[in-house]
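The chain contents come next:
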Amino acid sequence: MYNLCNLISSSSLKISGLQFIHANTERLLKEEDGPCPRWFAIAFPAMIELAQAAALDVFPDGLVELVDKIFGERWRILEMEKYLDGAYYPPLLSYMEALPDNYLSCEHILKHLSEDGSLFQSPSATAQAFMATRNKDCMVYLESVVQRCKHGVPPVYPIDEELVKLCMIDRLERLGLAEYFPEEIEGVLYGIYRNWRKQESEAMLESITPQQMIKDSLSFRILRMNGYRVSPRRFCWFLQHEDIKKQIEENCEYFSTAMLNVHRATDLMFIGENELEDARAFSRKLLEKEMAMRNAKNSVAMSNFHKEIEHELMLPWLARLDHLEHRVTIERTKTNYLWMGKASYYRLSFLNDTMLLQLAKDNYALRQSTFKNELEELTRWSKESGLRDIGFGREKTTYCYFAIATLAYSPSLSDLRMAVAKSAILVTVIDDFFDMEGSMDELNQLTEAVERWDAEGLSGYNKVIFDALDNFINDIAAKSLHKQGRDVADNLRGVWHETFVSWLKEAKWSRMRIAPSIDEYIQTGMISVAAHTILLPAIYLMSPRLSKCLIRQSDTQIITKLLMVITRLLNDMQSYQKEEADGKMNIVLLYMKENPEANIEYSISSIRKILDVKKKELLELVLMDEFNYMPKACKRLHLFCLKVFQMFFNSSNGYDSPTEKHDDINKAIYNPLTVQVQYSLQQETVQDHHGSMKDNASIKPSIAGCFPDHGSKISTLRKMTRLGREDWCKRFHSMLPRYIDIKPFRNRSLILGRQVPLKFQLRSYHRILMPCSVAKPVFWS
């Protein structure tokens, strides 16, 4: 009776399966009508042969010609590739389970077995190899896979342990959750960095796989982003081998995810790294080729993947805002492709863990609640200070707050966000006053008042501006006294006075039609763009406590001066047309004046080259921990400022546009996430699964309970961190395979102490245009 029930159930499933095949085969085959993908031409005929062996009629009438065409393509591939080892990727032998019986000799199969007994780390291909050769090493490999993967054999095994760890870190960073796992991430990176140093001294591989390229480029990007000094040679070596480049180009579909990771790694390029320049050009060419083929791909997965490629190619990393990038990742919950396998993309299932997605979604909602409250407070300040309704110029309260909030997004950085936003609002209003509203007498009077810091004799707009600035500086000085233990009011007043002087000089140039030299313009313009003026108040509110020397000279640090020049050039490259119409000077126009043979395109191209060099210099100073003359948090604030300017002036003058950033602002602050996570973060038991560190790990925190109404911004974040951190760290461990050990690492200086000096002499960086004392800046040489 039991066997009869099984037979009936089996027959029922067979009928249902055949009905599905009959209903969909014609549509699927006609989609493949045309250039047949290599993997499909190999795998599909083998499936048909299995069905025929089981006496299953899988095709409706009218498809014989299409099927014969695919069988003919398989025959062509088998004849052409039979003895061409390594010419195609994946190798033909990796499809062993789909190849005809006796197609390859046992000697040929055994020659390609790995040390672990596998055939290209493919359990299915290795199983077929065992049946063909009865090799004991194959059986040992297969038994180990079955024992380790009790809930299903993966398409590839084993996956590199370090790659799994790197993918986990990358996922946490892209979801905006890395700040909750600092010690665990540091522990992983220490081990990866140690292996990276060891492998740099070893001989390079003679062949390459997408898996290895992804691991090396991901290692490079994450390590460099976290302050480790790593050489790009480890993942750029393939560029020196024309045969490997040709293999990648001919199999670009299979290497597309690898090329995406290579392209992302080249975002972190320093001066003189020509190999990264070459890698960027090579990967971009292949990604553009992949995009050109996208119309032939109709699946949802490919569509989402191409969106990632398009995003990477169209918007530079420096122009992306982290908070919005987190939103994109959360909304694309199923696009974590590692590399193209024999017939589909390989994924790591834990990267789509629903608990992480739910935490990321709630974390994003918490930020939005914080942002809305702070923006309302900032708007009240702007109105009460008289700046919002002053009657002239640009009203940019929301723009200013949006720009800093989407980078310094942690709820605990509220004072920093408000200080930067208020500084930027003041800069915008005062710059407009000097450009378009104030008479020369009023501008001189206001500048003199700022020099003596006394509002006596001021009235009208001058009085409104001075009072707002005075109140702002007093507020920052009081907060800084609490954080830094020092009075920084005089430092702030000095920086603002210097900025007023530069605005006054530019106003005189404009109204008197004076064309300064390029050197004189840069020395003034790098101050008038006011990047340092915006940053300085926020730096005084940061932790840890700054040294007395840094407080006294923070506005003259090399990293700050680099930022000042870069932001001036970014601004000028997108505003020269407007400023030419207004009779103002601009670096693009001055370059043409001093180089009469140059047209506008040549002028912009020349300045862009200089700009690219300066951005690479700044990036190295910001990211590398050996440049420790400024706290890491302060250096990252410089990077935030660069990204803000790059975002506003990437392809146009987005700051002056009244509507260009509205969609981004709504996504960042107002529009809730619409993605549905099929999971409730109430207390539950996680069932035993491959990779768990505990068979039944109890996950206790209730995120929904931590955020009942998103009130009390800072205390809510602390509550979430305090109550949930231990359990979330357990979850971090449990999502990784059991054999991977993640330990916190708390003494990173020991690593750097062995590899690079903790103190770095800046003499090699004096060749930067900034100081007013430089008569002929090397910047222009």
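These numbers were taken from a predicted model, which means no experiment stands behind them.

Caption draft 1: Highlighting the overall build of the chain. Looking only at helices and strands, the chain has 32 helices and two strands in total. Buried positions account for 55% of the 781 residues belonging to the chain. When contacts within the chain are restricted to residue pairs at least 6 apart in sequence, long-range pairs at least 24 apart make up 74% of them. A total accessible area of about 35,800 Å² is found for the chain, and carbon and sulfur atoms account for 51% of it.

Caption draft 2: Examining the environment of Leu99 more closely. Position of Leu99 among the secondary structure elements: in the loop between helix H3 (64-81) and helix H4 (106-111). By relative accessible area, Leu99 is classed as buried at 8%. Contacts of Leu99, omitting those with residues within four sequence positions, involve Ile42, Leu78, Leu92 and Leu104.

Caption draft 3: Region of the structure containing the nonpolar core. Of all hydrophobic cores here, the largest spans 217 residues; its most connected members are Phe238 and Ile248. Residue contributions to this core peak at 13 residues, all from helix H18 (residues 414-437). When near neighbours in sequence (up to four residues on either side) are disregarded, Phe238 contacts Ile208, Met213, Ile244, Lys245, Ile248, Met259 and Phe282.

Caption draft 4: Layout of the packing of helix H5 (residues 123-133) against helix H6 (residues 136-148). Where H5 contacts H6, the axes come no closer than 9 Å and their chain directions differ by 140°. Between H5 and H6, the angle falls in the class oblique. As H5 packs across H6, the resulting crossing turns out to be left-handed. Contacts between H5 and H6 involve Pro123, Thr126, Ala127, Ala129 and Phe130 from the first element and Cys138, Met139, Tyr141, Leu142 and Val145 from the second. A per-class count over the contact of H5 with H6 returns nine nonpolar, one polar and no charged.

Caption draft 5: Helix H21 (residues 489-511), seen in detail. The first and last C-alpha atoms of H21 sit 33 Å apart over 23 residues, in line with the 33 Å expected at 1.5 Å per residue. Arg513 occupies a position one or two residues after H21 and carries a positive phi of about 55°.

Caption draft 6: Looking closely at the packing of helix H20 (residues 460-484) against H21. The geometry of H20 relative to H21 is characterised by a closest axis approach of 9 Å and an angle of 145° between their N-to-C directions. The two elements H20 and H21 cross, and the hand of that crossing is right-handed. Each of Leu469, Asp470, Ile473, Asn474, Ile476 and Ala477 in H20 lies in contact with H21, whose residues at this interface are Ala489, Leu492, Arg493, Trp496 and Phe500. Of the residues belonging to the contact of H20 with H21, the class tally is eight nonpolar, one polar and two charged.

Caption draft 7: The arrangement of the side chain of Thr397 in detail. Structurally, Thr397 can be placed in helix H17 (residues 397-405). Owing to a relative accessible area of 0%, Thr397 belongs among the buried residues under this scheme. Within the local environment of Thr397, its side chain forms a polar contact with the side chain of Glu395, the two groups lying 2.5 Å apart.

Caption draft 8: Focus on the packing of aromatic side chains. For the coordinates displayed, the defined rule picks out 22 aromatic pairs. Aromatic side chains Phe40 and Phe44 sit 4.9 Å apart centroid to centroid with 15° between the ring planes, which places their arrangement in the stacked category. Of the two residues, Phe40 and Phe44 are both situated in helix H2 (residues 38-53); the distance of four residues between them amounts to about one turn of the helix. Given the relative accessible area of 12%, Phe40 is considered buried. On the numbers, 6.2 Å between centres and 65° between planes, the contact of Tyr399 with Tyr655 is edge-to-face.

Rules of the game
Residues numbered from 1 in each chain as written. Predicted model: local features only at pLDDT ≥ 70, side-chain atom pairs only at ≥ 80, totals over all residues. Heavy atoms only, no water. Helix = DSSP H or I, 4+ residues; strand = E, 2+ residues; numbered from the N terminus. Buried < 20%, exposed > 50% of the residue type's maximum accessible area, 1.4 Å probe, protein only. Contact = heavy atoms within 4.5 Å. Areas by Shrake-Rupley, 256 points an atom, 1.4 Å probe, with all protein chains shown as cover. Core = buried A, V, L, I, M, F, W, Y, C linked by side-chain atoms within 4.5 Å. Axes fitted to C-alpha atoms, helices over the stretch in contact; angles between N-to-C directions. Parallel < 35°, antiparallel > 145°, perpendicular 65-115°, else oblique. Left-handed = near helix turned anticlockwise from the far one by under 90°. Nonpolar A, V, L, I, M, F, W, Y, C, P; charged D, E, K, R; others polar. Expected span 1.5 Å × (residues − 1). Polar contact = N/O pair within 3.5 Å; in protein donor to acceptor, adjacent residues only side chain to side chain. Phe/Tyr/Trp six-rings, centres within 6.5 Å; stacked < 30°, edge-to-face > 60°.

Purely spatial values, then, with no claim about function.
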